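# Coordinate analysis (summary)
The residues making up each chain are set out below.
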Amino acid sequence: MTSIDLNADLGEGFGRWLLTDDERLLSVVTSANVACGFHAGDAATMRRVCELAAGRGVRIGAQVSYRDLAGFGRRAMDVPPAELAAEVAYQIGALEVFARAAGSRVAYVKPHGALYNRVVRDKEQAGAVVDGVLLADPALPVLGLPGSRLLELAGKAGLPVVTEAFSDRAYTDEGTLVPRGQEGAVVTDQEAVVARSVDLARDGEVAARSGRRIGVRARSLCLHGDTPGAVDLARRVRAALESSGVRVEAFA
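Here goes a summary of the coordinates provided. (Residues numbered from 1 in each chain as written. Predicted model: local features only at pLDDT ≥ 70, side-chain atom pairs only at ≥ 80, totals over all residues. Heavy atoms only, no water.)

### Quick look at the overall build of the chain
Formally: We count a stretch as a helix when DSSP gives it H or I for four or more residues in a row; a strand needs E for two or more, and each element gets its number in order from the N terminus. The quantity called the radius of gyration is restricted to C-alpha atoms. Its globule counterpart is 2.2 Å times the number of residues to the power 0.38. The rule is simple: take the accessible area with a 1.4 Å probe, protein chains only, and divide by the maximum for that residue type; under 20% is buried, over 50% is exposed, in between is partly exposed. Here a residue-residue contact requires only that any non-hydrogen atoms of the pair lie within 4.5 Å. Asp and Glu count as negative and Lys and Arg as positive, but His and the ends of the chain are not part of the count. Where a charge sits is defined by one atom per residue type, namely NZ (Lys), CZ (Arg), CG (Asp) or CD (Glu).
Scanning the chain from N- to C-terminus turns up eight helices and ten strands. The C-alpha radius of gyration computed for the chain amounts to 17 Å, which stays within 12% of the reference 18 Å derived for 252 residues, consistent with globular compactness. When its C-alpha atoms are laid out on the principal axes, the chain stretches across 40 × 40 × 35 Å. Across the 252 residues of the chain, 55% fall into the buried class. Counted over contacts in the chain with a minimum sequence separation of 6, partners at least 24 positions apart contribute 71%. Charged side chains in the chain number 30 positive and 32 negative. The centres of these two groups are separated by 2 Å.

### Section: the packing of aromatic side chains
For clarity, the threshold we go by: Geometry of aromatic contacts follows a simple scheme: Phe, Tyr and Trp rings, the Trp one being its six-membered ring, pair when their centres are within 6.5 Å, and the pair is stacked under 30 degrees between planes, edge-to-face over 60, tilted otherwise.
For the coordinates displayed, the defined rule picks out three aromatic pairs. The interplanar angle of 45° and the centroid separation of 5.9 Å between the aromatic rings of F38 and Y90 together place this pair among those described as tilted. Of this pair, F38 sits in the loop between β2 (31-35) and α2 (43-56) while Y90 sits in helix α3 (residues 81-101), placing them 52 residues apart in sequence. Assessed through its relative accessible area of 5%, F38 is described here as buried.

### Structural notes on a nonpolar patch on the surface
Defined as follows: Note on patches: the residues involved have over 30% relative accessible area and no salt bridge, like charges join within 9 Å, and the nonpolar side chains Val, Leu, Ile, Met, Phe, Trp and Tyr join within 5 Å. Surface accessibility follows the Shrake-Rupley procedure with a 1.4 Å probe radius. Residue values consider only the protein chains on display as shielding. Think of a salt bridge as a Lys or Arg side-chain nitrogen and an Asp or Glu carboxyl oxygen that are within 4 Å of each other.
On the surface, F14, W17, L19 and L69 cluster together to form a nonpolar patch covering roughly 370 Å² of accessible area. Within the secondary structure, L19 is located in the loop between β1 (3-10) and α1 (22-25).

### What to know about the nonpolar core
We count it as follows: Put simply, a nonpolar core is a bunch of buried Ala, Val, Leu, Ile, Met, Phe, Trp, Tyr and Cys residues held in one set by side-chain atoms that sit within 4.5 Å of each other.
Counting residues in each nonpolar core, the largest one holds 73 residues, and the members touching the most others are L26, I92, L95, V133 and L241. Every residue in contact with L95, bar those within four places of it in the chain, is listed here: V34, C36, M46, C50, I60, G61, A62 and V106. If you look at the next biggest cluster of nonpolar residues, it comprises five residues, including A107, L143, V162 and F251.

### Quick look at α2
Using the following cut-off: A helix is expected to span 1.5 Å multiplied by its residue count minus one. When we speak of the arc, we mean the arc of directions from the helix axis to the C-beta atoms.
An ideal rise of 1.5 Å per residue puts 20 Å on 14 residues; α2 measures up with 20 Å between its terminal C-alpha atoms. Those residues of α2 that sit buried are T45, M46, V49, C50, L52 and A53. Viewed end-on, α2 has its buried residues packed into an arc of 165°, placing them on one side of the element. Away from its buried face, by an angle of more than 90 degrees, α2 presents the exposed residues A44 and G55. Tucked inside the fold, the buried residues of α2 contact β1, α1, β2, β3 (59-64) and α3. Taken from the residues just after α2, G57 is the one with a positive phi, measuring 75°.

### Quick notes on helix α5 (residues 123-136)
In this model, α5 (14 residues) spans 20 Å end to end at C-alpha, consistent with the 20 Å of a helix rising 1.5 Å per residue. Taken together, the buried residues of α5 touch α3, β4 (106-111), α4 (113-121), β5 (142-144) and α6 (149-156).

### Remarks on the pairing of β4
Quick reminder of the rule: Strands are labelled as partners when DSSP assigns at least two bridges between them.
For β4, a buried count of six out of six residues is recorded, marking the element as mostly surrounded by other parts of the structure. One ladder, built from five bridges, connects β3 with β4; its direction is parallel. Counterpart to A62 in the pairing with β4 is V109.

Everything listed here is a matter of geometry and, on its own, says nothing about what the molecule does.
This is the structure:
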């Protein structure tokens, strides 16, 4: 039977400001990408999400980012490699404290926002992220875009690599994500998102923005938790996957 992991970005609040419905999303997803304080999140939020995830058997992932709270980690930045590696390790270590306190552990690492897009092609920045993961734990899986420099370098360094796909993001014909600043970058039609999820899980294909069918082989599907109606959409996606014969389970 085909299987797929469902991951979502969680803990993306700060202080009294809440963005994601962490508790309800954790009843649907199998892996939680937890903000580690650099693009969103704080100590109390990280602790709370780790406790909720551990209680539901959801895997905890460190969502590492550029240090950019004001821009939600979505602004392009140039960070020296040694500094970026240290900051990646720092974020993983901070989340690990709360994961272990909750009786779990950090099970994987995934970059966020501008860093995620940068390491698709930028060898230097991708290498810095890999160095940071190795510094924190040389056995941690890295979750990222198929064909990215990040996964290439992570694999060469001996880190487990896991490919992911986005059913609510538009793709280019080359298999990369359409930048958020461009029209149509985010797929908002729920019926389309559900159908794309099943296509990705069962067939390893998705329609690019041009309409061309492209191959996207992924072990995990990302569901964005900050979009309107995210919880209901996540439930619909999971139900559609299971109805089509796809087993939903964590990769880690």
